Amino acid sequence: MAVGVRHFVKLKLRITANGLRGQTWRVALFVLGAVLAACAAVGGYALFSLPGLLDEQRAAEVALPLAGGLVVLGWLFLPLVFFGVDESLDPARFALLPLPRRTLIRGLFVASLAGVPALATFAGTLGMVDSAARLGGPAAALVQFVGVVTGILLCAAVSRSLTSAFATALRSRRARDLATVLLACVAALLGPLQLAALAGAENADWTGIARVADVIAWTPFGAPYSMGQDVAAGRLWAVPVKLALVLATIGLLLWWWSATLERAMLGSVGRSGPRERAASARKPVAQLVPGWLPRTRFGALTAREMRYWWRETRRRASLITFSVVGIFLPVFIGVSSGTVGAPTGMLVFVGALAAVSLANQFGFEGSAYAANVVAGVPGRLELTSRVAGFSVYVVPSLLVIAIVVGLAVGRPETIPALVGMLAAAYGVGLALVLPISVRVAYALPDTANPFALSSGGGMAKGLLTFAALFGAALITVPMQLVAFLAHDVWLWAGLPLGLLYGGGALLLGLRLAGPMLDRRMPELLATVTARQ
Amino acid sequence: MTVPHQRLSPDPALALRGLVKSFDAKPAVAGIDLDVPAGSFFGLLGPNGAGKTTTLSMAVGLLRPDAGQARILGYDVWADPAAAKARIGVLPDGVRLFDRLTGTELLAYHGLLRGMDAEVVDQRSAELLDVLALGADNRTLVVDYSAGMKKKIGLACAMLHAPRLLVLDEPFEAVDPVSAALIRDILQRYVSGGGTVVFSSHVMAVVERLCSHVAILADGTIRMRGTLAEVRGGRSLEDVFVEVVGGRTATGSELAWL
C-alpha cells in the first residue's frame, strides 16, 4: 500500500490526541490555545475584510500585502523566539522506514499544516478573500483564495525550513562561530538601519508607505496576499507571475528543508563522532569548578549550569536567540520610533525575556535531575545556583545591550539608568519565572532539533512566556513611572533603584519557590522525564 | 568528609512497608514489604514490567509512593529525606546522567554535591577512574560514552561518597563481560567491607553468583524471598524464577512463518 499524505496527517492527529489523554492541564492549555487562536482568526478576518467593507481599492492594495508580509515574518520569527516548532512527527523516527524522500517531505509538510496555528492563520487571512470579492467580484475572490492557500503553504515552509536549518547549524561544531557572526552582523547592521529608519520616519507619509507596499507586493512575502487586488485593478498579467514567484519560493524552501532534514536524520543515528578534547592535567574538582567559584555544593551546581548553557544545543539556542533579539529589538524600536529618549518599555521586555529562558529550566536536562533529587539538594540552593549559572552569561549581555542601546539612541548619559531598568526587569522576571519553573515544568522531546517541542508544549511555552512578560511589565510599573515622570532623578537614581528593585524581587522569588521545590522534587522529576 | 557512621542499631539497611504505586489507575506496585539485612548482597529479580524500577525509585526518594513507608538504616526516606539520602548511593536505570559533562567533571560534581571536601573528591575520583579504566585524563563528554562506560561512570558516582547502602538498578545491563567482572569484584569487596548492595536484574547467572539474599517480584508483588539457598531449594534459580513468575514456553506451532 502506498504511503500517502493522509497517513502522516492521521499520525500527527493521533499523536496530538494521545499526548492530551489523561493530562488535564494539557487539555486545558490546548483548549485555551485553541480559543486564543480562534479569537486571533476572527480578529484577523475582520481586519483583512475591512478595506473591502469600506470599498477602498487603494487602501486594500497597500494594507493587504503589508499585513500579509507581517504574517509571513511572524511565522519566521515567532517559532525561533517564543513557540518552537511542534515536532510531534520527529523526522529522525522515519529514518529506518523505506520511504522516498519526496513522500516523507510532502507528508511532514502537510502534517505540519494540521495544527492550530496554521488553521488560525488560514482562517484569518480568508478575510482578504472577502475584501477581494467586494472590490473585484468573484474572479478576484477566486484568485485571492488561491493566493491565501499558497500563503499558508509559504508560512509553513518558511518556519519549517528555517528552524531546521538553524538547528542543523547550531548542532555543528561551528555553532559558536555562527553565533559570533550573527551578532557581528546585527551590530554591523545598526548603523545603516539607523539611517534608513530615520529617513523612513521623516517621510512617513501615505505615498511613501504605498511605495513600500507596492515593492513588498512583488516579494514572496506580499505576493500571495496581493493577487486578488491585482485582478480587481485589472492587472491580470501580474497574477501568474506572482503565483510562479510564490510557488518557486515554496519549492526552494522545501528543497532546502529536505537537505537539512537529511543531515538531521543521519545525525541522530551516527553522530559526527565523539568530541576530541585535549587531555587535562588538572585535578577533577578544578576541571569542573572554575577558580573564582567556591569549591562547595553551590560552586558545583553553578559550574554545571554554566557548562550546560554552553554545551547543550537547546540551551545554547535560547541563549543565542536571546542575545540577538535583545540587542536588535530595542535598538530597532528606539531608533525607528523617532522619539528622543531610550526605549524603556522595550528594555523591560528584554530583561524579562532573559529570565523567561529559565521558565522550563528543569525540562532542559530531563531525567538527569534525578542525581540532584537523590543527593537531596535543598530547593533554595538549587534555584540560586541555577540563576547564578545563567546570569554568568546574561548579565554581561544585559550590560552590552544597555550600552549599545544608549549609544544607538544618542543618549550615552542614560546608560546607568538603562542598566538599572534591565536589572529590575530581569530580577522581577526571575521572581515570576522561578515558581513557574517548579510548578509547570514539562518534558522536552529527545530530538536533535533544539526548537522542537512535543505537541501542546508550544502552547505552554508561549502562554507562560507571555504571562511572565506581562507580569514583569506590570510589576516594574513603579520603575517605569519614575523613569517617565522624574526623568532627571531617574538618570542618577535609576541604577541603584533598579538593582534594589530587581534584587529584592529575586530574593522574594527564591524564598517562595525554594520551599515549593523542596515539597515537590519527585513530582517535578516525574513531569520532566520524557515518557517513553 | 561528613559521611555519617552506621548507627549501632539492628535496623535493616533497607526496610519497605506496604509500598503501593499506581500509574493512571494501573497498579505498578501493589503492596511490597521487604527487609534488606545490613551487610547483605541483595538481588531483586523480576521480569520486565514487574515493578523493580518503581520499587527501587520509591525506596530511594525518586518517586513518591501512594502509600507505605521506606526506611534506610532506620531513617524514613519521606519524613527525613536529608538523613536517609546522605547514607545511600544510587545508580538509577533509564535515567540520564548529566551527560554534557566529562566523566571527571561528573564525578567532581557528585562529590561536591554530597558535601565532600575538594581534596577527598580529587583523590577518590582519580582512583575510581583509574580502577574502572575510564581514564583520569579522558575529556570525552559522557553523552559520547558507550553504554557500558555510562554504567561504570554512574556506578563511580554512586560509590564516590562511600555510602553504607548502594541501590543499583540493572547495573549489569549493556556491560561487556570484562567490565562486568570488574564491577562484580568491586561490589564484592564493598560488601565484605560492611556495605550493603541492593540491585535489580533479570540475569540469573549474575544473581546466583553474587547474592546472599534474593526476592522475586512479579506484577507488583513479592512472590518469593529469602536467602539464596532458601529460594533455590536445590534447583537452579532460573527454573524457580520461571515457575514462580509463570512464564510460557513456545510449543513450536506458532510463528511457523519464521
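What you see is a predicted model, and the numbers here were worked out from it, not measured in a lab.

A. Seen up close, the overall build of chain A. Helix and strand counts for chain A come out as 21 helices and 2 strands. Counting only residues that meet the buried cut, chain A has 52% of its 532 residues in that class. Pairs at least 24 residues apart make up 81% of the contacts formed inside chain A by residues separated by at least 6 positions. Of the roughly 23300 Å² that chain A leaves accessible, carbon and sulfur atoms contribute 72%.

B. How the structure looks around the sheet that holds strand β10 (residues 221-227) of chain B. Residue and element names in this part refer to chain B. Ordered in space as β6-β7-β8-β3-β9-β10, the 6 strands form an open sheet in which the pairing is mixed. The open sheet has two edge strands with one neighbour each: β6 (88-91) and β10. Pairs of neighbouring strands in the sheet enclose a mean axial angle of 15 degrees, with direction left out of account. Two elements, strand β9 (residues 213-218) and β10, share 6 bridges in a ladder whose sense is antiparallel. Bridge pairing links His-213 to Thr-227 in β10. On top of the sheet, helix α5 (residues 147-159) reaches β6 and β7 (165-169); it is set at about 170 degrees to β6, its chief contact. Where helix α9 (residues 237-245) meets the sheet, its contacts fall on β3 (41-45), β9 and β10, and the angle it forms with β9 comes to roughly 30 degrees.

C. A look at the pattern of salt bridges. Going through the model one piece at a time under the given rule, you end up with 29 salt bridges over all chains. Here Arg-96 of chain B makes a salt bridge to Asp-99 of chain B, at a shortest N to O gap of 3.8 Å. Judged by its relative accessible area of 26%, Arg-96 of chain B falls in the partly exposed class. Counted as one network, the salt bridges with shared partners bring together Arg-304, Glu-305, Glu-312, Arg-315, Glu-365, Glu-382 and Arg-386 of chain A.

D. Looking closely at the confidence of the model for chain A. Summarising the model, chain A shows a mean pLDDT of 81, and 82% of its residues fall at 70 or more. Counted against residues more than four places away or in other chains, residues 268-276 of chain A, with its pLDDT under 50, gives 9 contacts.

E. Seen up close, helix α11 (residues 297-311) of chain A. All names here are of chain A. Along its 15 residues, α11 runs 21 Å from first to last C-alpha, staying within 8% of the 21 Å computed at 1.5 Å per residue. For α11, the tally of buried residues reaches 12 of 15 residues, placing the bulk of the element in the interior. Buried within α11 we find Gly-299, Ala-300, Leu-301, Thr-302, Ala-303, Arg-304, Glu-305, Met-306, Arg-307, Tyr-308, Trp-309 and Arg-311. One side-chain oxygen of the residue at the start of α11 lies 3.4 Å from the amide nitrogen of Phe-298, identifying that residue as Thr-296.

F. The arrangement of the interface of chain B and chain A in detail. Contacts between the two partners involve 36 residues from chain B and, on the opposite side, 41 residues from chain A. Buried area between chain B and chain A, summed over both chains or domains, comes out near 3700 Å², and the portion from carbon and sulfur atoms is 60%. Linking chain B with chain A are 5 salt bridges. In this structure, the salt-bridge partner of Glu-523 of chain A is Arg-64 of chain B, at a minimum N-O distance of 2.5 Å. Linking chain B to chain A there are 13 residue pairs in polar contact (both at pLDDT 80 or more). Of all the elements in the fold, those that place two or more residues in the side of chain B that touches chain A are α3 (103-113) and α4 (118-131) of chain B. Of the residues in the side of chain B that touches chain A, the class split is 16 nonpolar, 8 polar and 12 charged.

Rules behind the numbers
Residues numbered from 1 in each chain as written. Chains lettered and ligands numbered in written order. Predicted model: local features only at pLDDT ≥ 70, side-chain atom pairs only at ≥ 80, totals over all residues. Heavy atoms only, no water. Helix = DSSP H or I, 4+ residues; strand = E, 2+ residues; numbered from the N terminus. Buried < 20%, exposed > 50% of the residue type's maximum accessible area, 1.4 Å probe, protein only. Contact = heavy atoms within 4.5 Å. Areas by Shrake-Rupley, 256 points an atom, 1.4 Å probe, with all protein chains shown as cover. Pairing = 2+ DSSP bridges. Axes fitted to C-alpha atoms, helices over the stretch in contact; angles between N-to-C directions. Salt bridge = Lys/Arg side-chain N within 4 Å of Asp/Glu carboxyl O. pLDDT = per-residue confidence, 0-100. Expected span 1.5 Å × (residues − 1). Polar contact = N/O pair within 3.5 Å; in protein donor to acceptor, adjacent residues only side chain to side chain. Buried area = accessible area lost by both parts, 1.4 Å probe. Nonpolar A, V, L, I, M, F, W, Y, C, P; charged D, E, K, R; others polar.

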